[in-house]
Amino acid sequence: MKQSLNEIKRMQFLAGVITENQYKQSLDEEESDPTAEKAAEQGLKQALATLKAETNSIKPSPQDKEIKEEVALTLGLIASAPGLINALGKGVNWVSKWFQKDKKTGTVVGNALKHWGHELEEAYIGVIGDMLKKAFPSTYESQDVSDETSALYDAAHGLYASLLIGAAIASGTGAMEAHNAIIAGLEGGLGSFKTAEIINLGKKIAAA
């Protein structure tokens, strides 16, 4: 029944009967799941605690000075810092364990992560910002992660989006499905990064 309802909404959207926001909202309402919501809350809170504990394990990246010299700033380059992918992967493992335990996957996972990802966004961005300052002291030390004009703001939001997508992928959700469900709920969006960069890093984090 849910499939047919989703298809009707999709056809209405394609025909211009409803707006994109109305279409997304209808999907969210149909695909919400209390068990998945609880799994996202518990998993993301445990993952946040894990990242806080892992912050001191992050070592300065050999590429730090290169970035300062205006080498192209990509998520791949940022994530290459010693210990960073491993720390993000540990966080993702906590989230995916909860979804796997309850056998949740697909859109309900994406929507739950979108909801709780938004609720916990500020706390995560602060921790990820601290991790990036340890990884790239020359590049980010003087920057404020809450400053929307800073490179640190972009990098932290890019990594956070990748972490959430990685958590959904590790829970059995398709990469693009995870991206579409999660990104809409993040205030900081993708920062300055492209969808392909976010998804590719999400896959690496899920595999870590």
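Fair warning: this is a prediction, and the values are worked out from it, not measured in the lab.

### Considering the overall build of the protein chain
A count of helical and extended segments in the protein chain gives 12 helices and zero strands. Along the protein chain, helices and strands appear, N-terminal first, in the series α-α-α-α-α-α-α-α-α-α-α-α. Across the protein chain, contacts joining residues at least 24 apart in sequence account for 76% of those joining residues at least 6 apart. On the protein chain, roughly 10,000 Å² of surface is accessible, and the fraction owed to carbon and sulfur atoms is 52%.

### Details of the packing of aromatic side chains
The relation between two aromatic rings is expressed through the spacing of the ring centres and the mutual angle of the planes. Under the criterion given, the structure shown has two aromatic pairs. For the ring pair Tyr124 and Tyr160, a centre distance of 4.9 Å and an interplane angle of 25 degrees mean the geometry is stacked. Here Tyr124, found in helix H8 (residues 121-135), pairs with Tyr160, found in helix H10 (residues 151-170); they are 36 residues apart in sequence, far enough to count as distant. Taken as a pair, Tyr124 and Tyr160 share a single burial class, namely buried. Geometrically, the ring pair formed by Phe136 and Tyr140 is edge-to-face, given 5.9 Å between the ring centres and 85 degrees between the ring planes. Assessed through its relative accessible area of 0%, Phe136 is described here as buried. The cationic tip of Lys97 hangs over the ring face of Trp94; the distance from NZ or CZ to the ring centre is 4.9 Å.

### Observations regarding the environment of Lys52
Structurally, the position occupied by Lys52 is in helix H3 (residues 34-54). Classification of Lys52 by relative accessible area gives exposed; the value is 52%. Separated by 39 residues in the primary sequence, Lys52 and Gly91 place their C-alpha atoms 9.9 Å from one another.

### As for H10
Working note: α-helix, 3.6 residues per turn, so residues spaced by three or four point in the same direction. For H10, with 20 residues, the first-to-last C-alpha span of 28 Å sits near the 28 Å given by 1.5 Å per residue. With respect to burial, H10 is a largely interior element, 17 of its 20 residues being buried. Remark: Gly172 follows H10 within two positions and exhibits a positive phi of approximately 100 degrees.

### Brief notes about the packing of H3 against H8
The geometry of H3 relative to H8 is characterised by a closest axis approach of 10 Å and an angle of 25 degrees between their N-to-C directions. In terms of their interaxial angle, H3 and H8 are classed as roughly parallel. Of the two elements, H3 crosses H8, and the hand of that crossing is left-handed. Note on element contacts: H8 touches H3 through Ala123, Tyr124, Val127, Ile128 and Met131, opposite Leu44, Ala47, Leu48, Leu51 and Lys52. A per-class count over the contact of H3 with H8 returns nine nonpolar, no polar and one charged.

### Brief notes about the environment of Ile169
Mapped onto the elements of the fold, Ile169 is located in helix H10. A C-alpha to C-alpha distance of 9.5 Å links Ile169 and Val109, two positions 60 residues apart in sequence. Setting aside chain neighbours within four positions, we find Ile169 in contact with Ala175, Gly202, Lys203 and Ala206.

### Topic: the nonpolar core
Within the largest apolar cluster, 52 residues are counted, with the highest numbers of intra-cluster contacts made by Ile78, Leu113 and Leu132. Secondary structure elements with two or more residues in this core: H3, helix H5 (75-79), helix H6 (84-101), helix H7 (107-119), H8, H10, helix H11 (175-183) and helix H12 (195-207). When residues of this core are assigned to their parent elements, the largest contribution, 11 residues, is made by H10. Among all residues touching Leu113, those that are not within four sequence positions of it are Ala40, Leu44, Val95, Phe99, His118, Leu164, Ala167, Ala168 and Ile182.

Criteria and cut-off values
Residues numbered from 1 in each chain as written. Predicted model: local features only at pLDDT ≥ 70, side-chain atom pairs only at ≥ 80, totals over all residues. Heavy atoms only, no water. Helix = DSSP H or I, 4+ residues; strand = E, 2+ residues; numbered from the N terminus. Contact = heavy atoms within 4.5 Å. Areas by Shrake-Rupley, 256 points an atom, 1.4 Å probe, with all protein chains shown as cover. Phe/Tyr/Trp six-rings, centres within 6.5 Å; stacked < 30°, edge-to-face > 60°. Buried < 20%, exposed > 50% of the residue type's maximum accessible area, 1.4 Å probe, protein only. Lys NZ or Arg CZ within 6 Å of the ring centre and 35° of its normal. Expected span 1.5 Å × (residues − 1). Axes fitted to C-alpha atoms, helices over the stretch in contact; angles between N-to-C directions. Parallel < 35°, antiparallel > 145°, perpendicular 65-115°, else oblique. Left-handed = near helix turned anticlockwise from the far one by under 90°. Nonpolar A, V, L, I, M, F, W, Y, C, P; charged D, E, K, R; others polar. Core = buried A, V, L, I, M, F, W, Y, C linked by side-chain atoms within 4.5 Å.

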